[in-house]
Amino acid sequence: MEIKIVSIDTMTLSDIVEPCRTCCYWECREQFSHGKHIEQETKLKAEWFEKTQVDFNPCGKALYVNDVPAAYCQYAPPKYIPDISEYDELVKHVDMSGVFISCLFVPAQRRLGLGRRLLEEVIDEVSDRRFRVIETYGRNDSSDYCSGPTQFYLAHGFTVVATQVFPNGVSLSLVRHVLP
């Protein structure tokens, strides 16, 4: 199994795994329609990447297994993620000088360490760029969440900073990894 991880750019943008390629939840939640307007959402995602890459390049990684896209991670400083404030109890604890992972998704081939490899690559990238904190919202009660389960991050050196339980019972935590 050959694994390759590359930064997302205009050439690899189309390799983002589904459903992430058409998900613009973090970039413009008011226009996010759960795949009902695929062309529009794909365009919004591309626009976000183009705009964010001007100041913060790269802001995403694609992982390939045997040259087939298999996983994806999107990250940037919080100021580039317009809808980060949706979770009011969590956002007040976000380190605005750090980097926030808005998506880390491995749709298939789970339990092979692909998520770990991708996360390690992103942590190294962020550390090399002299950021000292990397964070995300993880889901406590399920792995069904765009950035994955809280437990995944805890197993990779992150700690829980704050937790919010929603009226529908969904429980999310802001998890943080302090870089050397």
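Before any of the text, the structure's been laid out above.
Keep in mind that what you see is a predicted model, and the values were worked out from it rather than measured.

S.K.: So what exactly am I meant to see when it comes to the overall build of the protein chain here?
M.R.: Within the protein chain, the secondary structure is distributed over 4 helices and 7 strands. Each helix and strand of the protein chain, ordered N terminal to C terminal, gives the series β-α-β-β-α-β-α-β-α-β-β. A globule of 180 residues ought to have a C-alpha radius of gyration of about 16 Å, and the protein chain, at 15 Å, matches this closely. Overall, the protein chain is about 35 × 35 × 30 Å in size when its C-alpha atoms are taken along their principal axes. The 180 residues of the protein chain split such that 51% are buried. In the protein chain, the share of contacts with a sequence separation of at least 24, taken over all contacts with a separation of at least 6, comes to 66%.

S.K.: Whenever I open this one, helix α3 (residues 114-128) confuses me. Can you help?
M.R.: An α-helical segment advances 3.6 residues per turn. Residues three or four places apart therefore align on the same side. Helix length check: α3, at 15 residues, gives a terminal C-alpha distance of 21 Å against a target of 21 Å (1.5 Å per residue), a fit within 8%. Within α3 the residues assigned to the buried category are L114, G115, L118, L119, V122, I123, E125, V126 and S127.

S.K.: Is there a simple way to think about the packing of aromatic side chains in this case?
M.R.: By convention here, two paired aromatic rings are described through the distance between centres and the angle between planes. Inspection of the entire model under this criterion finds 9 aromatic pairs. An angle of 75° between the planes, with centres 5.7 Å apart, marks the rings of F56 and F131 as edge-to-face. With a gap of 75 residues between them, F56 in the loop between α1 (38-55) and β2 (60-65) and F131 in the loop between α3 and β5 (133-139) connect regions that are remote in the sequence. Residue classification places F56 among the buried positions, given a relative accessible area of 4%. Taking NZ or CZ as reference, K4 lies 5.1 Å from the ring centre of Y64, over its face. Here R129 stacks its cationic end above the ring of F56, 3.9 Å away from the centre of that ring.

How each quantity is defined
- Residues numbered from 1 in each chain as written.
- Predicted model: local features only at pLDDT ≥ 70, side-chain atom pairs only at ≥ 80, totals over all residues.
- Heavy atoms only, no water.
- Helix = DSSP H or I, 4+ residues; strand = E, 2+ residues; numbered from the N terminus.
- Rg over C-alpha atoms; globule rule 2.2 N^0.38 Å.
- Buried < 20%, exposed > 50% of the residue type's maximum accessible area, 1.4 Å probe, protein only.
- Contact = heavy atoms within 4.5 Å.
- Expected span 1.5 Å × (residues − 1).
- Phe/Tyr/Trp six-rings, centres within 6.5 Å; stacked < 30°, edge-to-face > 60°.
- Lys NZ or Arg CZ within 6 Å of the ring centre and 35° of its normal.

Read these as spatial facts, not as claims about activity.
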